[in-house]
Amino acid sequence: MRYSQQTISQEDCKAVEEVLLSEWLTQGPRVLEFEELIANYCGASYAVGVNSGTAALHLACICLDVKPEDKVWTSPNSFVASANCALYCGANVDFVDIDESGNLSPEKLEEKLKHWPPPKALVVVHFGGKSCDMEAIKSITDNYGIKIIEDASHALGASYIDNKVGSCRFSDITTFSFHPIKSITTAEGGMLVTNNKNIASQAKSLRHAGFVNGRQHCLGFNYRLNDLQSALGISQMKRLDSFIAQRYQIAQEYEKRLSTIVETPHLDHKSSHHLYVIKTNKRDQLKEAVSGSQVHYFPIHLHPYYKKLGFHQGQFPRAEEHATKCLSIPIYPTLTEKEQSLICKRIEQIL
Ligand SMILES: *Cc1c(COP(=O)(O)O)cnc(C)c1O
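Residues numbered from 1 in each chain as written. Predicted model: local features only at pLDDT ≥ 70, side-chain atom pairs only at ≥ 80, totals over all residues. Heavy atoms only, no water.

Participant: It is not clear to me how the site of the ligand should be interpreted in this structure. Could you clarify?
Facilitator: Close contacts around the ligand come from 15 residues, with Gly53, Thr54, Asp151, Ser177 and Lys182 the closest. Taking Gly53, its main chain carries an N or O atom lying 2.8 Å from an oxygen atom of the ligand. Contact between the ligand and Asp151: a nitrogen atom at 2.8 Å from a side-chain N or O atom of the residue. Isolated, the ligand exposes 380 Å² of accessible area, and the fraction of that covered by the protein chains is 91%. Counting residues per element, the ones that place at least two in the shell around the ligand are helix 3 (53-63) and helix 4 (81-88). (Near = heavy atom within 4 Å. Polar contact = N/O pair within 3.5 Å; in protein donor to acceptor, adjacent residues only side chain to side chain. Areas by Shrake-Rupley, 256 points an atom, 1.4 Å probe, with all protein chains shown as cover. Helix = DSSP H or I, 4+ residues; strand = E, 2+ residues; numbered from the N terminus.)

This is how it looks when you write it as structure tokens:
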């Protein structure tokens, strides 16, 4: 058992097979269709499919003109890709500590801006599928002209105020990942969405070697998504809302069973429920006992690579404390009632 996994139907298989037997395997009509589907779902003007969430973050940084000597800030409570994207551009990374929900804290951001020169861009992460307080964050960063990237790898299908995450109402670019553990999957894949036409066309060029109309105009990459992946994505999108509803139901059941014995997350019906993160001092014992459970996240700044860049223990105490107590227990659409009940029993036995 894993903490999350994909849900694949016969219809998904048929959609992929159809492409496999067609003329186009690489980037073709299915990619365009998938991009339109995601843009419409999120309420954003443009979407650009790429071959991973990491690639989407990298292109987002380039499109916001992140260059050597620039600074980019992000949350220490994330997958390393949220910070690596800035390093790929030669920029420096720094972090802003988190709040109770595990998201980047607007108060900590405001405080840090009093003592440090503002970064060129801020990468916020919707931890576990619950949106950051984007209104507060945007009102702070607007005073300094800081660009905002939403790393919404966890949050496809989530909402914030009246919009889907990805509407980019409070950001310049939002990125998604379609890795099998996320809301929907294309095996590997990602997308960036934006309301800025220039950013969209720059990203389209960058994913395809820097080409525009058959000529290379900038130093691009091969970050292309393909039609096989997109056919799977299109088919999965039909079930996105039901996947989220199933995850929400599992979260509600965990809340019922576990809220009196461990610290459970605040249940938010607008979340995409990507993770179900409980907190307890007996985390290590629980991790042993619950198959598939995992820590989200070991703080980025404490990875050996980041320590070599000069970061150290004690710099972001809330993220560090979170990392000692948090445990993600299995949540995904095909998790059965029986399996969930067994997980709860294991936890009850230990505590
Ligand atoms: C999954 C994930 C990514 C990267 O996605 P890939 O598609 O694996 O490159 C980035 N940020 C966060 C927070 C993620 O969970």
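Participant: Even after reading the chapter, I still don't get the environment of Leu122, so can you show me in this structure?
Facilitator: With respect to the element layout, Leu122 can be found in strand 4 (residues 121-125). Accessibility expressed as a relative area gives 0% for Leu122, which makes it buried. Along the sequence, Leu122 and Ser153 sit 31 residues apart, while their C-alpha atoms lie 16 Å from each other. Ignoring any residue separated from it by four or fewer positions in sequence, one finds Leu122 in contact with Trp73, Leu104, Leu109, Ile137, Thr141, Ile146, Lys147, Ile148 and Ile149. (Buried < 20%, exposed > 50% of the residue type's maximum accessible area, 1.4 Å probe, protein only. Contact = heavy atoms within 4.5 Å.)

Participant: What exactly am I supposed to notice about the pairing of strand 1 (residues 46-50) here?
Facilitator: Consecutive side chains of a regular strand alternate in pointing toward one face of the sheet and then the other. Burial analysis of strand 1 places four of its five residues in the buried class, which makes it a mostly covered element. Here strand 1 pairs with strand 9 (residues 190-194) via five bridges, running antiparallel. Counterpart to Ala47 in the pairing with strand 9 is Val193. (Pairing = 2+ DSSP bridges.)

Participant: Sorry, what's going on with helix 8 (residues 227-237) here?
Facilitator: Here helix 8 lies mainly inside the structure; ten of its eleven residues are buried. Those residues of helix 8 not exposed but buried are Asp227, Gln229, Ser230, Ala231, Leu232, Gly233, Ile234, Ser235, Gln236 and Met237. N-cap assignment for helix 8: the residue whose side-chain oxygen lies 3.0 Å from the backbone N of Leu228 is Asn226.

Participant: Which parts of the structure should I look at to understand the packing of helix 3 against helix 4?
Facilitator: Think of two packed helices as two axes; the pair is described by the angle between the axes and how far apart they sit. Two elements in contact, helix 3 and helix 4, have axes whose closest approach is 8 Å; the angle formed by their N-to-C orientations is 45°. Between helix 3 and helix 4, the angle falls in the class oblique. For the pair helix 3 and helix 4, the crossing hand works out as right-handed. On helix 4, the residues touching Thr54, Leu57, His58 and Cys61 of helix 3 are Ala81, Ser82, Cys85, Ala86 and Tyr88. Tallied by class, residues from the contact of helix 3 with helix 4 come to six nonpolar, three polar and no charged. (Axes fitted to C-alpha atoms, helices over the stretch in contact; angles between N-to-C directions. Parallel < 35°, antiparallel > 145°, perpendicular 65-115°, else oblique. Left-handed = near helix turned anticlockwise from the far one by under 90°. Nonpolar A, V, L, I, M, F, W, Y, C, P; charged D, E, K, R; others polar.)

Participant: Honestly, unusual backbone geometry in this entry has me stumped. Any pointers?
Facilitator: Excluding glycine, a negative phi dihedral is what most residues carry, and trans is how most peptide bonds are arranged. The residue after His296, namely Tyr297, is reached through a cis peptide bond having omega 0°. Here Tyr297 lies in the loop between helix 10 (283-289) and helix 11 (304-308). Of note in this structure, Cys168 is not a glycine but carries a positive phi near 60°. Tracing the backbone through its elements, the reader meets Cys168 in the loop between strand 7 (163-164) and strand 8 (173-177). Despite not being glycine, Ala187 has its phi angle at roughly 75°, a positive value. In this structure, Ala187 sits in the loop between strand 8 and strand 9. For Ala187, a relative accessible area of 42% gives the class partly exposed.

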